[in-house]
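Listed below, chain by chain, are the residues.
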Amino acid sequence: MSGVGVPVADAASELEVLRGDLQELFELQKVAKRGGVVARLQKCVGAVAERIQELEAEKAATDAAATPPAPPAHADPSAAEPCEAEEAPLPDLSRHQNLATYSWTESAKSVKVYCDLKHLKDAPVVDCRFGPTSFFFYASDVPAATGGPAKCWKLAVPNLHDAIVPARSTLTRKEHKFVVTLWKRQQGVDWEHLTDVEKLKKQKHKELVDSGATTDQLLANMFKDADPETQAKLRAAALEGQKKREEDAKKRGM
């Protein structure tokens, strides 16, 4: 499948479109309330996530084919990066609910994502798939903490802040939580956020500044990309500024 109603010129463009689609689907899931809508969104998320995984596997294979020949035998073997095996397609995740709360830390070499999940050790299926800029964790039939029916959970981040080395990234499963360790491809670089959303906003803002955009255009761009709370603050600031300008104009006219 491709981006929803969006023509794409190549795999890289399709991948970018799909990552944006997936992020927006996650936002829709947060506000969806009707059971039928939630089910359709979950099915769509699973399909988009699977297509992203396919495209990332294709990209990894293409990049590997373009990699220069292996270093001579006398070269330091520790400098060579391990081959990244082709991943099988993601299973159907339409029954899996999103894990909304997690935390993360980083070092110069890696990023660790922590998430609490009661009775995870008793789940029959637990896995995590890694792509060049993504990871998809899922656990099926996790026993409910209250003794009710088992549930299926997932945590998908399709747009990490920077690239990772999938072959060196790992999942550690514990009794009531799990830890995803992401090995940074570019070590020593700090991640300001887990995803690239804020980084892309800053890049877009810089491009607008460099292109000579007006103050109104810059503010309009900030408003469009802001969360609801920030949008409310920007509206209040705009109204206050307009009120002040009108008062100044009256004073000058007196």
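Residues numbered from 1 in each chain as written. Predicted model: local features only at pLDDT ≥ 70, side-chain atom pairs only at ≥ 80, totals over all residues. Heavy atoms only, no water.

(A) Fine view of the overall build of the protein. Helix and strand counts for the protein come out as five helices and eight strands. Sequence-ordered secondary structure for the protein, helices as α and strands as β, is α-α-β-β-β-β-β-β-β-β-α-α-α. Classification of the 254 residues of the protein by burial places 31% in the buried group. Taking as baseline every contact in the protein between residues at least 6 positions apart, the subset at least 24 positions apart corresponds to 61%. (Helix = DSSP H or I, 4+ residues; strand = E, 2+ residues; numbered from the N terminus. Buried < 20%, exposed > 50% of the residue type's maximum accessible area, 1.4 Å probe, protein only. Contact = heavy atoms within 4.5 Å.)

(B) Highlighting the pairing of strand β7 (residues 170–173). Taken together, the four bridges between β7 and strand β8 (residues 177–183) define a ladder with antiparallel strand orientation. Residue pairing across strands places Leu-171 opposite Val-180, the latter belonging to β8. Here β7 hands over to β8 after three residues, the two strands then running antiparallel side by side. (Pairing = 2+ DSSP bridges.)

(C) Local environment of the sheet that holds strand β5 (residues 134–142). Strand order across the open sheet formed by four strands is β1-β6-β5-β4, with mixed pairing between neighbours. Each having just a single partner strand, β1 (97–98) and β4 (125–131) make up the two edges of the open sheet.

(D) A look at the nonpolar core. Formed by 24 residues in total, the largest nonpolar core has its most connected members in Leu-117, Phe-135, Phe-137, Phe-178 and Leu-182. Of all the secondary structure elements, the ones that give two or more residues to this core are β3 (110–116), β4, β5, β6 (151–157) and β8. Considering every element that reaches this core, the biggest residue donor is β5, with four residues. Apart from residues no more than four positions distant in its own chain, Phe-135 is found in contact with Val-113, Cys-128, Arg-129, Phe-130, Leu-155, Ala-156, Val-157, Leu-160, Val-180 and Leu-182. Counting residues in each nonpolar core, the second largest holds 15 residues, with Leu-18, Ile-52, Tyr-138 and Ala-156 among its members. (Core = buried A, V, L, I, M, F, W, Y, C linked by side-chain atoms within 4.5 Å.)

(E) Region of interest: the pairing of β4. Burial analysis of β4 places five of its seven residues in the buried class, the great majority of the element. Direction of pairing for β4 relative to β5: antiparallel, over a ladder of seven bridges. Considered in β5, the bridge of Gly-131 is made with Ser-134. Count of turn residues in the β4/β5 antiparallel hairpin: two residues.

(F) Inspection of the side chain of His-96 at higher detail. Within the secondary structure, His-96 sits in the loop between α2 (35–65) and β1. At 3.0 Å, the side chain of His-96 and the side chain of Ser-140 are in polar contact. (Polar contact = N/O pair within 3.5 Å; in protein donor to acceptor, adjacent residues only side chain to side chain.)

(G) Spotlight on the sheet that holds β7. Strand order across the open sheet formed by four strands is β2-β3-β8-β7, with antiparallel pairing between neighbours. Looking at the sheet topology across the chains shown, the edges are occupied by β2 (103–106) and β7. Between one strand and the next, the sheet's axes are offset by a mean angle of 20°, whatever the strand orientation. As judged from the four bridges shared by β2 and β3, these two strands associate in the antiparallel manner. When the bridges of β3 are listed, Thr-105 appears paired with Lys-112. (Axes fitted to C-alpha atoms, helices over the stretch in contact; angles between N-to-C directions.)

(H) Broad picture of the confidence of the model for the protein. Chain-level pLDDT for the protein is 77 on average; 72% of the residues reach the 70-or-more range. In this model, residues 1–9 is a region of pLDDT below 50 whose contacts with residues beyond four sequence positions or in other chains number 16 contacts. Residue range residues 73–85 is modelled with pLDDT below 50. Its contacts to residues more than four positions away, or to other chains, number twelve contacts. (pLDDT = per-residue confidence, 0-100.)

(I) Main features of the pattern of salt bridges. Applying the stated criterion across every chain, the model contains four salt bridges. Of the charged contacts in the structure, one is a salt bridge between Lys-184 and Glu-106, with a shortest N-O distance of 2.6 Å. A residue pair is termed long-range when its members are at least 10 positions apart, and Lys-184 in the loop between β8 and α3 (197–210) and Glu-106 in strand β2 qualify at 78 residues. We classify Lys-184 as buried; its relative accessible area is 1%. (Salt bridge = Lys/Arg side-chain N within 4 Å of Asp/Glu carboxyl O.)

(J) Inspection of unusual backbone geometry at higher detail. In this structure, His-119 takes a positive phi of about 60° despite not being glycine. In this structure, His-119 sits in the loop between β3 and β4. A positive phi angle, close to 55°, is found at Asp-141, a residue other than glycine. Tracing the chain through its elements places Asp-141 in strand β5.

(K) Highlighting the side chain of Ser-169. The residue Ser-169 is located in the loop between β6 and β7 in this model. With relative accessibility at 7%, the residue Ser-169 sits in the buried group. Reaching out from Ser-169, the side chain makes a polar contact with the backbone oxygen of Val-165 at a distance of 2.9 Å. Of note is the side chain of Ser-169, whose polar atom sits 3.1 Å from the backbone nitrogen of Trp-183. In this view, Ser-169 contacts Phe-130, Ile-164, Thr-181, Leu-182 and Trp-183; residues no more than four positions away in its chain are not counted.

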